[in-house]
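Fold and contact review
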Amino acid sequence: MSNALLVAGTTSDAGKSVVTAGICRWLARQGVRVAPFKAQNMSLNSFVTADGAEIGRAQAMQAQAARVEPEAAMNPVLLKPGADGRSQVVLLGRPVAEVGALDYRERKPVLLERALECLADLRRRYDVVVCEGAGSPAEINLRDRDIANMGLATAAALPVVVVGDIDRGGVFAAMYGTLALLSAEDQRHVAGWFVNKFRGDARLLAPGLEMLHELTGRPVLGTLPMLPGLWLDAEDSLDLSTVVDRVDGPGPLGADVLRVAVVRFPRLSNFTDLDALAQEPGVLVRWATRPEELADADLVVLPGTRATVADLAWLRERGLEPALKARAAAGLPILGVCGGYQMLARSIEDEVESKAGLVGGLGLLPTDVRFGAEKVLARPVGEAYGQRVEGYEIHHGVVSVEGGEPFISDDDGQGLDGCRVGSVWGTTWHGALENDGFRRELLCEVAELAGRAFVPAPDTSFAAAREARLDRLGDLIEEHADTDALWKLIEGGVPAAGTLPFLPPGAPGSDA
Ligand SMILES: NC(=O)CC[C@H](N)C(=O)O
């Protein structure tokens, strides 16, 4: 049995992550031990595994869909773009280099080796590995050094399915063109299509699917409907409207809603922290980039960022500093998370991330930040408001606190993390807001400080909401894909030579 499959896409955002997660959940329900894998992910949304490795958030979500523990091998290479066109390369969970696009290209053969080792290891330990590609497999300028799409599929003998987004239009051309621009060797691996985000009449679509099969020799293995309001912490789209379906969701409990404005830093990271707030009935979360947009907010959140000093400079250019200071002086709530918490400090000394040296912070908390070369990756646990708080840490900057009150404490009430002065709070921990009890208490306090008759629902469970969504993805595959054909592909591996037609012209320069 081949026991693996690669899910590629005609474009970024076609829905590879969703299809991968859906296949993982479908297989897990059948009692199959399945693991997700993505050789290389470029994202600022990451997650820390139980053993302290940093991986892409999408693979952590897919591991949850598979009901297995996320681990470094599931995403061996994570690229985190920074302020200066360079990216931090995280290899097997740890940062190893800062590179520009050209130097990165040089490293790819070595990275492919590591990715192949991880994939082989997962295939030994799991019944099935569902791999996700990156971008499009037909990027003809990048094929020679590809490690995430056909470069991986050919090296690891993976059958490939290609997902196309029909909502954008042009899905048949995108699929046909994707195949036709692959070399004969690569084309051998492509075994079928997934049409994603469909919202039309299936009877009208059917002839197109048949024509595509006819034209390419490959069948459509699934036509997945658009799921409105589907929130996934995998997405890098920054589209808060997808986070929660307001029309069908429950309304506020009290007389007022609570307005949360999140400062949209250019290098925003782990904005998934806000998903839990947006899940709360009656909490309206929106982005802000101007002082006027903070004016009527009950809570302003300064979220995490990959580039603290550069994004602090951006915040100042946008004229947000006086607005934040006036808020704090008026006793209105501000919450900083990780990079946002760092900005609230008196001073930031950074020879690592921005190399800017000593920079003045917003001075809203009695704290000072010093960036260290070593990245802190941790999964801490503590308590606040008498509620358990589990979080995760991903940062180079270390905050030292001199005064105020601790925000999160250990069992004995000793400060563990964060600082609070009046209506300004900050914490290094991501994920804190996913803790239901803690989130409700914090929102109650925000409502009181902001003078709103807002009451958090007593029963919102973030974990249950996430689980329900993973189930919907499993349903999507079970109900709308040809699961028998999918299973045959996973078992049978790359179709035998000569069984699938070659579509000309093939990749430029290949001898197909
Ligand atoms: N997760 C974050 O917000 C990181 C903050 C900052 N860029 C650091 O590395 O320290």
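Computed from a predicted model, the values in this text were never measured in an experiment.

**Focus on the UniProt feature "active site" (unreviewed entry) in the protein**
The positions UniProt marks with the feature "active site" (unreviewed entry) are Cys 338 and His 430. The largest pairwise C-alpha distance within this set of annotated residues, which runs over 93 residues, is 7.0 Å, so the set is compact in three dimensions. Taking the annotated residues in turn, Cys 338 and His 430 line the largest cavity. Cys 338 gets classed as buried once you look at its relative accessible area, which sits at 5%. Dropping the residues within four chain positions of it, Cys 338 is found in contact with Gly 304, Ile 394, His 395, Thr 427, Thr 428 and His 430. With respect to the element layout, His 430 can be found in the loop between strand S28 (424-427) and helix H12 (436-450).

**Details of the environment of Pro 505**
Here Pro 505 shows up in the segment after helix H14 (483-492). When its relative accessible area of 59% is taken as the criterion, Pro 505 is described as exposed. For Pro 505 and Leu 179, which are 326 residues apart along the polypeptide, the C-alpha to C-alpha distance reads 9.6 Å.

**Some thoughts on the pairing of strand S21 (residues 367-378)**
Relative to S21, strand S19 (residues 347-350) is paired through three bridges, and the arrangement is parallel. Directly across from Ser 347, in S21, lies its bridge partner Asp 368.

**Focus: the nonpolar core**
Grouped together as the largest cluster of nonpolar side chains are 82 residues, with contacts concentrated most on Ile 23, Leu 27, Phe 37, Leu 152, Leu 158, Phe 194 and Ile 477. Those residues within four positions of Leu 152 in sequence are excluded, and the remaining contacts are Leu 6, Phe 37, Ala 39, Leu 112, Leu 116, Leu 119, Asp 146, Ile 147, Ala 157 and Leu 158. Membership of the second largest hydrophobic core comes to 63 residues, among which are Val 262, Leu 274, Leu 315 and Leu 365.

**Looking at the site of the ligand**
Taken together, 15 residues sit near the ligand, with Thr 305, Glu 353, Ile 394, Gly 397 and His 430 positioned nearest. In the environment of the ligand, a nitrogen atom lies 3.4 Å from a nitrogen or oxygen atom belonging to the side chain of Thr 308. Within the contact set of the ligand, a nitrogen atom lies 2.5 Å away from a side-chain nitrogen or oxygen of Glu 353. Isolated, the ligand exposes 300 Å² of accessible area, and the fraction of that covered by the protein chains is 95%.

**Comments concerning empty space enclosed by the protein**
All told, the structure shown has four cavities of 30 Å³ or more when counted by the stated rule. Lining of the largest cavity is provided by 19 residues; of these, Thr 305, Arg 306, Glu 353, Ile 394 and His 395 occupy positions nearest its centre. Looking at the lining of the largest cavity, the elements with two or more residues in it are strand S17 (304-305), helix H11 (339-343), S21 and strand S24 (393-401). Residue contributions to the lining of the largest cavity peak at four residues, all from S24.

**Focus: the UniProt feature "domain: CobB/CobQ-like glutamine amidotransferase" (unreviewed entry) in the protein**
As recorded in UniProt, the sites labelled "domain: CobB/CobQ-like glutamine amidotransferase" (unreviewed entry) are residues 259-437. The span residues 259-437 carries 18% helix and 40% strand; its end-to-end C-alpha distance comes to 20 Å.

**Some points on helix H5 (residues 171-180)**
If you check which residues of H5 are buried, you get Val 171, Met 175, Thr 178, Leu 179 and Ala 180. Where H5 is buried, its residues meet strand S10 (160-165), helix H6 (184-187), strand S11 (190-198) and helix H7 (202-216).

**Digging into the pairing of strand S20 (residues 357-360)**
Judged from the four bridges that link them, S19 and S20 form a sheet pairing that is antiparallel. The residue of S20 that forms the bridge with Ile 348 is Val 359. Counting the residues in the hairpin turn of S19 and S20 gives six residues, including Lys 355, whose phi is positive at 55°.

**Considerations on a nonpolar patch on the surface**
Taken together, Tyr 176, Met 211 and Leu 215 make up a surface patch of nonpolar side chains, about 300 Å² in accessible area. Looking at where Met 211 falls in the secondary structure, it is placed in helix H7.

**Brief notes about the layout of surface pockets**
For the second largest pocket, the calculated volume is near 610 Å³. Taken together, 23 residues make up the lining of the second largest pocket; nearest its centre are Phe 47, Arg 379, Glu 390, Glu 434 and Arg 466. Looking at the lining of the second largest pocket, the elements with two or more residues in it are helix H2 (57-66) and helix H13 (462-480). In terms of residue count, the dominant contributor to the lining of the second largest pocket is H2 (five residues).

**Digging into the side chain of Ser 46**
With respect to the helices and strands, the residue Ser 46 is situated in strand S4 (residues 46-48). Here Ser 46 falls in the buried class, since its relative accessible area comes to 0%. Looking at Ser 46, its side chain comes within polar contact range of the side chain of Glu 54, at 2.7 Å. Excluding residues within four positions of it along the chain, Ser 46 makes contact with Glu 54, Ile 55, Gly 56, Arg 57, Leu 78, Lys 80, Asn 270, Tyr 392 and Ile 394.

**Concerning the sheet that holds S20**
Read from one edge to the other, the open sheet built from four strands follows the order S20-S19-S21-S24, with strand pairing classed as mixed. The open sheet terminates on both sides in strands that have one partner only, identified here as S20 and S24. Ignoring which end each strand starts from, the neighbouring axes of this sheet average 35° apart.

**Notes on the sheet that holds S28**
Two strands in a sheet stick together by hydrogen bonds in their backbones, pointing the same way (parallel) or opposite ways (antiparallel). In spatial order, the strands read S15-S13-S16-S18-S28-S27; together these six strands make up an open sheet with mixed pairing. Of all strands in the sheet, those with a lone pairing partner are strand S15 (283-288) and strand S27 (419-421), marking the two edges. Between one strand axis and the next, the sheet turns by 15° as a mean value, whatever way the strands run. With three bridges connecting them, strand S13 (residues 258-263) and strand S16 (residues 299-302) associate as parallel partners. What sits directly across from Ala 261, in S16, is Val 300. The strands touched by H12 within the sheet are S13, S15, S16, strand S18 (334-337), S27 and S28, with S28 carrying the most contacts at an inclination of about 155°.

Definitions and limits used
Residues numbered from 1 in each chain as written. Predicted model: local features only at pLDDT ≥ 70, side-chain atom pairs only at ≥ 80, totals over all residues. Heavy atoms only, no water. UniProt positions renumbered as here; feature names shortened; annotations may be inferred. 1 Å grid on protein atoms, 1.4 Å probe; cavity = no way out; pocket = protein on both sides within 12 Å on 5 of 7 lines; lining within 4 Å. Buried < 20%, exposed > 50% of the residue type's maximum accessible area, 1.4 Å probe, protein only. Contact = heavy atoms within 4.5 Å. Helix = DSSP H or I, 4+ residues; strand = E, 2+ residues; numbered from the N terminus. Pairing = 2+ DSSP bridges. Core = buried A, V, L, I, M, F, W, Y, C linked by side-chain atoms within 4.5 Å. Near = heavy atom within 4 Å. Polar contact = N/O pair within 3.5 Å; in protein donor to acceptor, adjacent residues only side chain to side chain. Areas by Shrake-Rupley, 256 points an atom, 1.4 Å probe, with all protein chains shown as cover. Points joined across faces, edges and corners; volume = space filled by probe spheres on them. Patch = residues over 30% accessible without salt bridge, like charges linked within 9 Å, V, L, I, M, F, W, Y side chains within 5 Å. Salt bridge = Lys/Arg side-chain N within 4 Å of Asp/Glu carboxyl O. Axes fitted to C-alpha atoms, helices over the stretch in contact; angles between N-to-C directions.

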